[in-house]
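Letter by letter, the chains look like this.
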Amino acid sequence: MNENMASQQPRTDGYFVEVNGIFKQFGTFIALRDISMGVRPGEFVSILGPSGCGKTTLLRIIAGLEPQNSGSVWIAGRDVSREPIAGRGLGIVFQSYALFPNLSVTRNVQYGLRSGSAAQRRLRAMEMLSLVGLADQADKYPAQLSGGQQQRVALARALAPSPSLLLLDEPLSALDARVRIRLRSEIRNIQQQLGVTTIMVTHDQEEALTMADRIVVMDHGRLMQYSEPRHLYASPTNPFVAGFIGAMNFLPDCRRMDGQSIRFLDYHLDTVADLSVDSIECMLAIRPEHIRAATDTADANRIGVRVHSVEFRGSVSRIRMQVLYASGALSAHYLEMDLQSKAVEQLKPDIGRHLDIHLPANHLLAFHDAEQERREYAA
Amino acid sequence: MPPDDPLAGLAMLPFSSGDGVVRQRSSLHGWIQRTLIALACLWLVVGVLLPMIEVLNQATHREVPVHTEASDGGPHVHVQRQFVGLANFMQYFGLEGISQASFVLELILTIAATTLFVRLLLAYFKRRDTSRLSHRLVVGVLLLLAAQALRSAHFIASHGGHSNLIQSALNSLMVGLITTTIAVTLAFFYAYGLTRTSIRGKMLLRIVALLPLFAPTMLFGLSLVYMFGNKGIVTSGFFGKLPWLAFDINLYGFNGIVMAETAFTFPPAMMILSVALMHTDARMYEAARSLGAGWLRIFFTVTLPSVKYGLLSAVFVCFTLSFTDFGAPKVVGGRFNVLAVDIYKQVVGQQNFGMGATVSIILLAPTLLAFAADRIVQRRSHAVLTARSVPMAPEPVFWRDLLFGTFCWTTALAVLAVLFTAGLASFVAMWPYSFSHPEIYPKLWTLSNYLFANVGGGGYNAFFTSLRMSAWTAVGGTVVTFASAWLIEKTQGAERLRQAGYLLSITPLALPGLVIGIAYVFFFNRPGFSLPFVSFQIANPFVWLYGTMAILVLSNIIHFYTVSFLTATTALRQLDKEFEVVSESMSVPFYSTFLRVTVPICFPAVIEIAAYYFVSSMATVSAVIFLYTSRLPLASVAVVNMDDAGDTAAAAAMCMLIVGANIAVRLAAEGICWVFNRKTRAWRK
């Protein structure tokens, strides 16, 4: 379907897009520090991060819209660092769609097609429009379409010249929640159908998790972690990723004891996490859905808590709990636990009630202490 | 932080250029764009900067006769241009018996000492908790500064003789200040009535308020003469029919000029203020009312602050226009001299180009100050209105609507009177005797004034030349302005060049038409330039322009450039800023997107710019009065000349032709926009 795809010669290292040691500065503000990443042919990679983390800047550098201070960009085994956008052979879809309002939908899609006869171009445009399911809207103007339809026209327009790389800059964030969810799978399907290598910038973690093959998580101009969605969720390598993707409880001010044992307040907790850290200060983390009510008094990793509040969320309820010392006194730490509605009925977590909870060792993650990490950042 | 997926075997690259940015290779289109931007800057340099430098040059040089011994032993005199520094300015201010150096020194001392005095005093009052010693120190320094400022000022004043010219500078200042006060006040309440009350006939009121834009300023003078002049309707008590109503306002001089300038500056002030008043968030008023604020408190805490920038803009515009206007003072000024007329007299009457240039610079100084102040103020004016603002929808309030209705309609009638009394008079055979002595002059209505027989100025030839000039200005100006605005606003790269282009594009707003005209006379007349420090002469490559239609068109484009440029820029900024990027990513050349997308979407703005150029060029007299030739007579210049010769009725008739042509063009522009909007309704929201 996509003639350019066939001619893509993967390099020996198997990457179609390579970003090498990108450094970008705006005045004194450092937007990107030493970013390197590779995208395999046909892969869908999402760049995820909070606003101001440099994700859009990275996309603009890959597109050639912004010059980097140092580092290089390779596309299809060719160094395109000094190539203007026109020479990079990519299609780009913006948050604002940037559809030409005075041209009909077909003319918009045809805009980038310049080879072939008028009939051939129209045929190609119609082909792209039926791909995005808008063949019946071909003669309308963009203003007569809904937001989701406009987004799909923008996608069709970007894909019509058969680009070897598709860049999506927050493509769904201007849309309603419902339309956004539907378009996620549609865009993903089209991408897989064409096999076009795609990089998408988003601040919405759900979007990234559901659509991408791999996710780049960024913060403050740094690449924090780059891996598959499941891996990212299950084994974050640093507290930022752990806290940014999904919900996470942090137990700070922990001290490493001998072996796999960690002291938190006056509890000793076991963990299977890799504790090859030099310092003895560390931080534990666990997701709310992994915390369980302790059933057996013989359970290891038991902690006493007092129920602080209960938030009903439909199929689950999130219980906010204040951690108690083993001696029974209140501490300043809070934990959140997700309970299925059946478990809620059994447990009856009324506010103020004291409970014992269990933190499974195989779900307990360990990190450097956050304070220490911050000090490292500053250096 | 190493990524999970270590990127082994990535190609290493030698990167980084000299200044630490990886520069992109330039494409052919990039080069074309940069060349076009450079051209856009270059023509503004030739059209604005070089002529202005020439004015400075003229003001600081004098032609001095030099006596030499000729070869045959007899005396020989030839004229040599010499640098005279500020001599012309000192002559202008009537300073005698004082050297230039001490004049400049004392002037700097006065200004510096006064500024320091004020700043120190303010700083001192802001934090008074200083120790005893610094108390005395501050007071001592303040006394010293005050003494120095007074001494220097006294020194300059003691050498100042009487000068007629300094009187006209003060007169101009007075006219500017009083006109600004009156016009901005009227315009504010008029605009308030149009936007914040529910009075009737808003559409009509708006149109009437904008009508003066179509007329040359001489027309306001002529109308005032017909109403309040020696034999005016009011002065003579309706031609002696209602003698008890006779009332002489002492028109010729200050009163007349201020009245005419008020009519002249009312429309732009009204436009600026009504835009400012319209763009206000209704939710702020709801919030203020819900907190229990009365209308007076709301007015001072919500209304005025939200139109602050518009108000300042209106003040600057009114001041600049009335301070530099030439047409109205020429007609009703009498013996009340103003700077603009002085320049005309110095250059056209006395052929004293050096002094003309000097007065131009003095005329330019306050205008430049106002321009700079406006720029500084407007830079802070962002984010007054957000995208979520809710527009105001005024509800009827009987007394308020009655009050504003009366005010607006009275003002509108006054505007109509100032516009069309002269028009009415142009159809009268023998004003005022056809009315006062019908037994001697039985014929009342006539078209003979429109024949322009036995009057100077060029008659219909002048009118048609003006039409041609305005058409060329409209076409050429629109193409150049819109393309330049697009290049400066929508291209990437060449950052510095685009900034320079923007700066050059807004400079013409600070230049009065007279100054542009006189600068062009100097610059395009010079046979050549000698480069400084080397004795090398280059011929002036633009000298052929002098006395042609091209220079008239050029001066008009420059004169009205900034407003058009800003209109285009505003329209362009409303477009999605990614249009160019999307096209480029698909390798579509920039001119293709410009013609297929940008121009069609901005079409109404393009028409608006063209109409503005046409209308302004028809009505203007200030720049072209120095540049027209007998082969190319112009309608507005003809008005001045006919009025000078006493052919008032013919002058009024010519004004009416100008107004008529302008209204026709404006209607045509509206018609085109209407058809365009109808045809493109499908893709407009």
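Predicted model, so just to flag it, every value in this text is computed and none were measured.

> Sorry if this is basic, but what is going on with the overall build of chain A here?
Assigned secondary structure in chain A consists of 11 helices and 20 strands. Its C-alpha atoms give chain A principal-axis dimensions of about 85 × 45 × 35 Å. Out of the 379 residues belonging to chain A, those deemed buried represent 43%. The contacts of chain A with a sequence gap of at least 6 include a subset with a gap of at least 24, amounting to 66%.

> Hey, could you run me through the overall build of chain B in this one?
Looking only at helices and strands, chain B features 26 helices and 4 strands. Here the C-alpha atoms of chain B give a radius of gyration of 29 Å, agreeing with the 26 Å that 2.2 N^0.38 yields for 685 residues. Counting only C-alpha atoms, chain B reaches 110 × 85 × 70 Å along its principal axes.

> Where do I start with the domain arrangement of chain B in this structure?
Many authors give the size of an interface as the accessible area that is lost as the parts come together. When its domains are assigned, chain B resolves into domain 1 (27-61 + 458-685), domain 2 (94-161) and domain 3 (162-433). Each of domain 2 of chain B and domain 3 of chain B has a C-alpha centre, and the two are 38 Å apart.

> So what exactly am I meant to see when it comes to the nonpolar core here?
If you look at soluble globular proteins, the nonpolar side chains tend to sit buried side by side. Counting residues in hydrophobic clusters, the biggest one holds 275 residues, and the most contacted among them are Leu284 of chain A together with Ala187, Ala269, Leu273, Ile518, Met654 and Cys655 of chain B. Looking at this core element by element, the count peaks at 14 residues for helix α26 (residues 648-679) of chain B. Residue assignment places this core across two domains, with domain 1 (27-61 + 458-685) and domain 3 (162-433) of chain B each supplying three or more. In this structure, isoleucine 518 of chain B is in contact with Val55, Ile343, Val347, Gly356, Ala357, Ser360 and Phe626 of chain B, ignoring residues within four places of it in sequence.

> What am I meant to see in the sheet that holds strand β4 (residues 70-75) of chain A here?
Pairing between sheet strands relies on hydrogen bonds along the backbone, with the strands arranged either parallel or antiparallel. All names here are of chain A. Strand order in the open sheet made by the 4 strands is β2-β1-β4-β5, with antiparallel pairing throughout. Where the open sheet ends on each side, the last strands, each with one partner, are β2 (29-39) and β5 (78-79). Both strand β1 (residues 17-26) and β4 contribute to a ladder of 5 bridges, which runs antiparallel. Looking at β4, one finds that phenylalanine 23 is bridged to serine 70. Packing against the sheet, helix α2 (residues 55-63) makes contact with β1, β2 and β4, and its axis sits at approximately 120 degrees to β1.

> What exactly am I supposed to notice about the pairing of strand β10 (residues 222-227) of chain A here?
If a strand is regular, its side chains alternate between the two faces of the sheet. Residues and elements named next belong to chain A. Within β10, 5 of the 6 residues are buried, which leaves it mostly tucked inside the rest of the structure. Here 5 bridges tie strand β9 (residues 214-219) to β10, and the two strands are oriented antiparallel to one another. Bridge pairing in β10 links aspartate 219 to arginine 222. Remark: 2 residues form the turn of the hairpin made by β9 and β10, two consecutive strands paired antiparallel; histidine 220 in that turn has positive phi of roughly 50 degrees.

> Just to check I follow, could you spell out unusual backbone geometry for this structure?
Both trends apply: most residues other than glycine have a negative phi, and most peptide bonds are in trans. The phi angle at leucine 265 of chain A is positive, at roughly 55 degrees, despite the residue not being glycine. Of note in this structure, glutamine 351 of chain B is not a glycine but carries a positive phi near 55 degrees. Structurally, the position occupied by glutamine 351 of chain B is in the loop between α13 (339-349) and α14 (353-379). A residue is classified by how many C-beta atoms lie within 10 Å of it, and glutamine 351 of chain B, with 9 of them, is exposed.

> It is not clear to me how the pairing of strand β11 (residues 249-256) of chain A should be interpreted in this structure. Could you clarify?
Residues and elements named next belong to chain A. Where β11 and strand β14 (residues 281-286) come together, 5 bridges link them in antiparallel fashion. What sits directly across from phenylalanine 250, in β14, is alanine 285. As paired strands, β11 and strand β12 (residues 261-264) are joined by 2 bridges and run antiparallel to one another. Note that in β12 the partner of arginine 255 across the bridge is arginine 263.

> What is the right way to look at the environment of threonine 57 of chain A in this model?
Residues and elements named next belong to chain A. Residue placement: threonine 57 occurs in helix α2. C-beta crowding within 10 Å serves as the criterion here: with 22 such atoms nearby, threonine 57 is assigned to the buried category. Through-space distance from the C-alpha of threonine 57 to that of glutamine 322 is 41 Å; in sequence the pair is 265 residues apart. Those residues in contact with threonine 57, other than ones at most four positions away along the chain, are Lys24, Ala31, Leu32 and Glu66.

> How should the confidence of the model for chain A be read in this particular structure?
As a general rule, the predicted coordinates of low-pLDDT regions are not to be interpreted in detail. Taken residue by residue, chain A gives an average pLDDT of 87. The fraction at 70 or more is 91%. Low pLDDT, under 50, characterises residues 1-11 of chain A; the stretch is placed with 18 contacts to residues that sit more than four places away or in other chains.

> Would you mind going over the packing of α13 of chain B against α14 of chain B with me for this structure?
Axis angle and axis distance: for two packed helices, these are the angle between their axes and the distance between the axes, and together they describe the pair. All names here are of chain B. Viewed as axis vectors pointing N to C, α13 and α14 meet at an angle of 165 degrees, and their least axial separation amounts to 8 Å. Here α13 lies roughly antiparallel to α14, going by the angle between them. Note that α13 runs across α14; the crossing there is left-handed. Together, Leu339, Ala340, Asp342, Ile343, Gln346 and Val347 of α13 and Phe353, Met355, Gly356, Val359, Ser360, Ile362 and Leu363 of α14 make up the contact between the two elements. Within the contact of α13 with α14, the residues separate by chemical class into 9 nonpolar, 3 polar and 1 charged.

> Please clarify how the confidence of the model for chain B should be interpreted in this entry.
All names here are of chain B. Of all residues in chain B, 91% have pLDDT values of 70 or greater, and the mean over the chain is 85. The model gives residues 1-18 a pLDDT under 50, and that stretch makes 36 contacts with residues more than four places away or in other chains. The complex model carries a pTM of 0.84, and its ipTM stands at 0.80.

> Mind showing me how you'd approach the sheet that holds strand β3 (residues 44-48) of chain A here?
All names here are of chain A. Within the open sheet, the 6 strands sit side by side as β6-β7-β8-β3-β9-β10. Their pairing is mixed. Single-partner strands in this sheet number two, and they are β6 (90-93) and β10. The mean angle between the axes of side-by-side strands here comes to 15 degrees, regardless of whether they run parallel or antiparallel. Looking at chain direction, β6 and strand β7 (residues 165-169) are connected through 4 bridges and run parallel. Bridge pairing in β7 links valine 93 to leucine 168. This element, helix α5 (residues 147-159), spans β6 and β7 of the sheet and lies at about 170 degrees to β6.

> Can you walk me through the packing of α5 of chain A against helix α6 (residues 177-194) of chain A in this structure?
All names here are of chain A. At their nearest, the axes of α5 and α6 sit 11 Å apart, and the two run at 15 degrees to each other. Overall, the two elements α5 and α6 adopt an arrangement that is roughly parallel. Along this stretch, α5 crosses α6, giving a crossing that reads as right-handed. Contacts between α5 and α6 involve Gly147, Gly148, Gln151, Leu155 and Leu159 from the first element and Val179, Leu183, Ile187, Ile190 and Leu194 from the second. Grouping the constituent residues of the contact of α5 with α6 by class yields 7 nonpolar, 3 polar and no charged.

> I tried to follow helix α11 (residues 308-324) of chain B on my own but got confused; where do I start?
In an α-helix, one turn spans 3.6 residues, which is why side chains three or four residues apart end up on the same side. The end-to-end C-alpha separation of α11 of chain B is 25 Å, in line with the 24 Å expected for 17 residues at 1.5 Å each. Across the 17 residues of α11 of chain B, 14 count as buried, placing the element largely inside the fold.

The rules behind each value
Residues numbered from 1 in each chain as written. Chains lettered and ligands numbered in written order. Predicted model: local features only at pLDDT ≥ 70, side-chain atom pairs only at ≥ 80, totals over all residues. Helix = DSSP H or I, 4+ residues; strand = E, 2+ residues; numbered from the N terminus. Buried ≥ 20, exposed ≤ 12 C-beta atoms within 10 Å, placed from the backbone. Contact = placed C-beta atoms within 7 Å. Rg over C-alpha atoms; globule rule 2.2 N^0.38 Å. Domains from an automatic or database assignment. Core = buried A, V, L, I, M, F, W, Y, C linked by C-beta atoms within 7 Å. Pairing = 2+ DSSP bridges. Axes fitted to C-alpha atoms, helices over the stretch in contact; angles between N-to-C directions. pLDDT = per-residue confidence, 0-100. Parallel < 35°, antiparallel > 145°, perpendicular 65-115°, else oblique. Left-handed = near helix turned anticlockwise from the far one by under 90°. Nonpolar A, V, L, I, M, F, W, Y, C, P; charged D, E, K, R; others polar. Expected span 1.5 Å × (residues − 1).

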